[in-house]
Amino acid sequence: MAIEVRPATVFVDVKAMVGPKRPDANVCWCLSYRIPSKENLALKGPARGELVQQLVQQDPPPGVLAYDGDEVVGWAAVHPRADTSFARNRRIPHVDDLEVWSVWCIRVRPGHRGEGISHHLLEGAVEFARDHGAPAIEGYPLDNKGEKIDLTMAYAGTRKLFEKAGFTKAADTDSVLNGFPRVLMRLDLR
């Protein structure tokens, strides 16, 4: 298996990874942290997908996709923190004034989990941020200390995943997800 990570510029592939089975469903579409909370709550059904379709046409697009050949098998949301709700989040601290990028969602398609794709996605997110001039990239994974995480909450990643990619803990946060504290992990790209 040769996994290739590419910018998320193909809407049908983004939809396959984060879109709903029914177009009228109010699923995340990975917008929860990407747009302001009020806008996220007001956006309903097909309008959510329409916004994502606009985002994939922007430079930079909203993340990266992992492919096994022509099949999309993973997604990672990565973007400048200033364009996300993390810019204003009171539970996730800012450790300095660098214009860092954030990676906040890593998702592997069912049937492909346990194959190391999340590692490829995180590495691809780092390269994507670096290619766009990011001075640093940070994530807010769960510090689960090896305990099992509910798959619906695993999107944030784990501290161990980020450590394996070279990130180091920069700060504790006041955020808890699935009963686990989230930590701010950072990788300097300068």
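Undergrad: Mind showing me how you'd approach the packing of aromatic side chains here?
TA: The full count for this structure, using the stated rule, is 6 aromatic pairs. Both rings, one in Phe86 and one in Trp104, keep their centres 6.2 Å apart while their planes meet at 55 degrees; by these two values the pair is tilted. In this pair, Phe86 is assigned in the loop between β3 (71–80) and β4 (101–108) and Trp104 in strand β4, connecting sequence segments 18 residues apart. With a relative accessible area of 1%, Phe86 lands in the buried category. Taking the centre distance of 5.8 Å and the plane angle of 75 degrees together, the rings of Trp101 and Phe128 count as edge-to-face. Taken as a pair, Trp101 in strand β4 and Phe128 in helix α4 (residues 117–131) lie far apart in primary sequence, 27 residues in all. Accessibility assignment for this pair places Trp101 and Phe128 in one class, buried. Three or more aromatic residues joined by ring pairs form one cluster here, namely Tyr33, Phe86, Trp104 and Tyr140.

Undergrad: Help me understand the state of the cysteines in this model?
TA: Each disulfide is one covalent bond, formed between the sulfur atoms of two cysteines. One pass over the structure, following the stated rule, counts 0 disulfides. For Cys105, which is in no disulfide, the shortest distance to another cysteine sulfur is to Cys30 and amounts to 3.6 Å.

Cut-offs and rules
Residues numbered from 1 in each chain as written. Predicted model: local features only at pLDDT ≥ 70, side-chain atom pairs only at ≥ 80, totals over all residues. Heavy atoms only, no water. Phe/Tyr/Trp six-rings, centres within 6.5 Å; stacked < 30°, edge-to-face > 60°. Helix = DSSP H or I, 4+ residues; strand = E, 2+ residues; numbered from the N terminus. Buried < 20%, exposed > 50% of the residue type's maximum accessible area, 1.4 Å probe, protein only. Disulfide = S-S within 2.5 Å.

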